[in-house]
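Listed here are the chains, written in short residue letters.
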Amino acid sequence: PDELLLPRISLVSLELEFGCALQGRSIKRSLSDLWLKPKNLPPLDPEVLSVFVPPFISKDDIQVINTSSNLNKSKRRSFRKKKERPKIENVKSLHGDQKAADTEEITVPKDIDLIGLPQLCFPGGLYLASESKEDHIHFLVFTDVCGNRTYGVVAQYYQPMQVCYLTYTGKTLGCFVPFAICVISRYPYFNALKDCLSCLLVQLRPFKNFDVDEHIKEFAAKLFLIPSPPPGPLHLVFNMKPLQIIIPSREDPDSPIIDLDLHLPLLCFKPEQVLQIMTCILTEQRIVFFSSDWALLTLVAECFMLYLHPLQWQHTFVPILSRQMLDFVMAPTSFLMGCHTDHFEEVSMEAEDLILINIDNGDITHSKTPEEEPEIPDVPAQAAETFIKRVESLQLHYDLELCHLGASTDLGELQMRRRAWQQKLNSEVQQTALQLIVNIFREVKDHLNYEHRVFNSEEFLKTRAMGDQPFYKKVLETYMFHSFLKARLNRKMDAFARLELSTQSEEDRLNVMFNSPRRLTVEKMASKRFNPQYVISRRMVISMPNLQDIQLPEGPTRISSLRRLETGRAVKMPSKSVTTFKIPEIHFPLVCQCVQSYYADFFNHLSKAINTLPPDNSALLARYFYLRGLISLMQGKLLNALSDFQNLDKTDLRIFPTDLVRKIVETMPPSERSQADRKPELKKLISRVMEKQREIMKIDDHVKKFELPKTHMQLEDFVKRIQESGIVKDIDTIHRLFDALTVGHQKQIDPETFRDFYNYWKETEAEAQEVNLPPTVIEHLDKNECVYKLSCSVKTNYGVGKIALTQKRLFLLTEGGRPGYVQIAAFRDIEDVKSTTVAFLVLRIPTLRIKTISKKEVFEANLKTECDLWYLIVKEMWAGKKMADDHKDPQYIQQALTNILLMDAVVGALQSSKTIYAASKLSYFDRMKNEVPMMVPKTTSETLKHKINPSAGEMFPQAIDVLLYTPGQLDPSERPVSAHPKLWCALNEGKVVVFDASTWSIQQHCFKMGSSKLTCMVMVEQSQVWIGSQDSFIYIINTHSMSCNKQLNDHRSDVTDIIAYSCSSDGTVIAWNISSLKVNRAFQLPCQNLTSVKLHNDLLWCCTGSCILVVSAHEFRLQMKIEHNLKDVCSCVLCFQLFPERDEVWASYSGSSDLYIWNTRDLASTPQMIHLQDCSEITCMIKVKNQMWIGSRGRSQGKIKGKIYVVSAEKKTVEKELVGHADTVKALCSAEDRYVLSGSGKEEGKIAIWKVE
């Protein structure tokens, strides 16, 4: 198949056609000219002699392998060329039959032009030689109109002519004719194909005539039978005497194939010049590389393309221009091309505005320009500094590696040693380049609105350092950056996203949770540089933190341009081991029997590897299954191929070839399709693949720049515009802002009001960045505090100065000879706030009074016109701080900060008599405190330790369907932060958010497990988390790589529970082999509503809705049945828990507020009942120590509320009633029996953390 094999290997042999090329001159005269005056001879015209494309077996044999050839059918363009010859000559066709001489039909690979190809194979021109020259290899890249690239490797060699000519000096003149062989592939296997061609040239050397077609054909056929390895840790090896050729795989499906020496540009250019060239590419200049070595042109250009990954060059890419193609550099659009240094003067004089890069001497210059010379902007300074230091630390010279090693006499060993060194260096260079790209574009995400796909480029530029702005101004306008934005808005988890996530600071993770306006922290004021705040100490035991020791995070988001980048060595990623697989020998002559024998050997080798590999090496197993599926496909065994591809679900579904499987299904004969449908696993596979095809919709990949509105806005449009602006996302807050801005007007906002409000907000934000507190003031503040508002200079009873507000306190910045600090009040200490007036002569001056618990003296400030606004602001912050303390939820402080800054912007924008009334619409917490005094019960307050919000950054809160706590581990291969305990939270539509449970910061913002509701989660063997879904799949997340690349598809309906077993709603129970992910046993219960299972003493307790069935875990025999016709109780069992130590089963029924407890030794007796007050329905329960924690739904004042009951198992009484949620408690989980975590419904969508006593 085109997608998967070393595709359409085409070998084109080129030679001189004397009659045509020499334009009728006699050969004798030409040879004389060659010897006498070689410099004056014009280059000869090369022409295509032979083209070799698959299939390479006879037509009769093709009929035998009919299935695979159906899949291989693809339209090829044929190039028909007329050859005018002085005499009729027969030309051998591909299969050796004779063709007419006047017209030759040559079949060529798609998108390869045979007219231009000869020139590229001899880019410097074709000349006869009087003596043999050294073989030469160079590389080509072809790009079609869609931007798809095809790659060529060309080997030039010389053959002697069977002609000699005696000159007048008595010397015998020899003549050597240049030939070229070009291998064309869809993949950039530069080193592998170079090695292959080197081996071929050795084999062709003994032949003294031109009849080498059969040898080249065998060579082409051999390459065609070599599959391209799937992405991952498996490289393929095959024998091409005298070398062993390695076909490398790409690291993952989104990574490029790297089969060249990535450090070549670092040998040719200084690090500063490398950055200049990368800037030229990032800003999409018109670039021309020059070198006297044709091979270097392509290799260096390709290296720069790889340095930019995952950004991709979108324009013309022709790394080699032949002398006939030089006019290409006159193109007006962006391009990257390559020329021989012989043409440097010509190109620089003829074309304008080109960046000319000389690989040979490292010079970077400009061609002539009509105006002044364009300036190449500098890469952002901190990113450049980091890159240069890391490049300078690389060991680029292989000879230095050899100093301490003994000499090797084995060619294979030398080859493997060099390859291992190069692979390690490539990885380091790649990581260094990727870190540069991440450092340049890391903070783009802070200015994206994912819901409306908006990038606020203007605000992003404002946060860049002044010296970096010219670079960003140019880059932000390019196609490359636009494509990069699309990938970010699609939340693509590519190399950039993975490195950005793995190098995220603790501050970054907290910023995801607390989306407060950007302000400069006290620490940054002091240093003007970013210092890591979160230093991880290595602990031999990593466990849950003592929550009473955790400071509630109240830090703001950062000022982006002040981040200090790491400037040491590159981040050391764990080295990934790579396995090689030896491909069996291919025997000739190439007839059907030999091909089938080769496929059979290949299949057997793979089967042996699969059978001997331990099941826990799933990554390697997946590659073997993939390759065996390909071989089965080529053998025409479609069902075997589908079975192997189906195994990828359980080993590595990232490499599942969806398009290929769909083609197989579409071309499958009816008889085989019916066989597949009779196998449940294949039927489900086919259904999934075909449904996915039908459901494919065009991805919304547009990107908008933020623009101020030009028309009046109703509420819905206003909400969208505010979210796009990045000011605030929360819908309820925007609704209150709409009410504030429309006070006294009809309920719509005009463009001028929006503009004034937006500009005031941004100006205030910019002014806040300029606040620079003196050291004598900074020492009184916490390092994460920020000044959010400063008053004008006012007179107070503490002295004259400016009132400053942070997220924790009010203080007076006193004026005079030395600015000083006077504490006014911490928000939690405020007792009362009043706005009044004091008499001054005949005037009444508006004054703000603040009374605190700790001081007898009342603070007074003559704030004059600012008084009413400050009164609103202080009261809102006071109420917000009280809410945050009462509910142990620091997000309330962030919300209060947003509210007061919105008030400030409303007052600044409206400038009317009703501005204070308008601003009061945003006093959310103050109004809540006055209208509905919300006293948190003492028991709740004492037990509640913390609250977190997994829906942070979303427009709406989302229901928490499942919670899972996983303890930390200390694995030497992991970064310390990866070994921390984690909290897994399943939200709606298959989303999973992961928290670092040692700091309660978001570690991974969003996994996506299908699009259905997730129903259950469990940790398996410390390295996997299994997640059940209503789409009938079990998704498996690797906790080391934090990626989902496996799934189990053996259930046929909603997966409802997972332990060592899994169950689905149709009554299916499956026992799993955890290491191999194979089904050990499966059983069908006689029910259709199986909701959960528990395992105890080799018995499975199955909740079926109407009853609880108990079956043996091995034979699945029914042992007992708990079923009672209880009066006033619904028949549906909603949830249950075992209490093994007490031989008890606890259960609840839908619509009931009663708990029922059975003794497992006497199930016939009437169960004990516990009634729960103020409960509408019990929704979940969990056993913790000697208690049962019960989550419920109730109603209070007409609203749904969530309540947790802590029931003593011994006394059978309710010990605690915890009121911690504003919606139904939907999920409970235990953390080491020290804490219980509860999650609520979509009205609140928060997680509460409770201390267990």
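Residues numbered from 1 in each chain as written. Predicted model: local features only at pLDDT ≥ 70, side-chain atom pairs only at ≥ 80, totals over all residues. Heavy atoms only, no water.

**Brief notes about the overall build of the chain**
In terms of helices and strands, the chain carries 36 helices and 57 strands. Among the 1253 residues that make up the chain, the fraction classed as buried is 57%. Considering only contacts within the chain whose residues lie at least 6 apart along the sequence, 61% involve residues at least 24 apart. Summing over all exposed atoms, the chain offers an accessible surface of approximately 54,800 Å²; the carbon and sulfur share of this is 50%. (Helix = DSSP H or I, 4+ residues; strand = E, 2+ residues; numbered from the N terminus. Buried < 20%, exposed > 50% of the residue type's maximum accessible area, 1.4 Å probe, protein only. Contact = heavy atoms within 4.5 Å. Areas by Shrake-Rupley, 256 points an atom, 1.4 Å probe, with all protein chains shown as cover.)

**Here we look at the sheet that holds strand β40 (residues 1061–1064)**
Within the open sheet, the 4 strands sit side by side as β39-β40-β41-β42. Their pairing is antiparallel. Only two strands of the sheet have a single partner each, and these edge strands are β39 (1055–1058) and β42 (1078–1084). Between one strand axis and the next, the sheet turns through 20 degrees on average, direction left out of account. Two strands pair when backbone bridges link them, and β40 and strand β41 (residues 1068–1073) are joined in this way by 3 bridges, in the antiparallel orientation. Directly across from C1063, in β41, lies its bridge partner V1069. (Pairing = 2+ DSSP bridges. Axes fitted to C-alpha atoms, helices over the stretch in contact; angles between N-to-C directions.)

**As for the nonpolar core**
Across soluble globular proteins, you tend to see nonpolar side chains buried next to one another. Residues I281, F289, F304, Y307 and F441 are the most contacted members of the largest nonpolar core, which totals 187 residues. Dropping the residues within four chain positions of it, F289 is found in contact with I277, L297, V300, A301, F304, L336, M337, G338, C339, I357 and I359. Among the nonpolar cores identified, the runner-up in size contains 66 residues, and F718, L737, A884 and A918 belong to it. (Core = buried A, V, L, I, M, F, W, Y, C linked by side-chain atoms within 4.5 Å.)

**Thoughts on the packing of aromatic side chains**
As enumerated under the stated definition, the model contains 35 aromatic pairs in all. Both rings, one in Y157 and one in F179, keep their centres 5.5 Å apart while their planes meet at 20 degrees; by these two values the pair is stacked. In this pair, Y157 is assigned in strand β8 (residues 149–160) and F179 in strand β11 (residues 176–185), connecting sequence segments 22 residues apart. Each member of the pair, Y157 as well as F179, is classed as buried. Ring centres 5.5 Å apart and planes at 55 degrees place the aromatic pair F718 and F738 in the tilted group. On the criterion of sequence distance, the pair formed by F718 in helix α28 (residues 715–725) and F738 in helix α29 (residues 731–741) is long-range, its members being 20 residues apart. The residues F718 and F738 share a single accessibility class, namely buried. Through pairs of rings, three or more aromatic residues link up here, namely F441, F455, F460, F471, Y472, F481, F484 and F496. (Phe/Tyr/Trp six-rings, centres within 6.5 Å; stacked < 30°, edge-to-face > 60°.)

**Focus on the pairing of strand β28 (residues 843–852)**
The pairing of strand β27 (residues 830–840) with β28 spans 10 bridges and is antiparallel. The residue bridging D832 from the neighbouring strand is K851, located in β28. Alignment of β28 against strand β29 (residues 859–862), held across 3 bridges, turns out to be antiparallel. Across the sheet, the residue bridging to L848 is A861, located in β29. Linkage of β28 to β29, two consecutive antiparallel strands, is achieved through a turn of 6 residues.

**Observations concerning the confidence of the model for the chain**
Of the residues in the chain, 82% have a pLDDT of 70 or more, and the chain-wide mean is 82. For residues 1–10, every residue scores under 50 in pLDDT, and the model assigns this stretch 57 contacts once sequence neighbours within four places are set aside. Across residues 12–39, where pLDDT falls below 50, the model places 65 contacts with residues more than four positions away in sequence or in other chains. (pLDDT = per-residue confidence, 0-100.)

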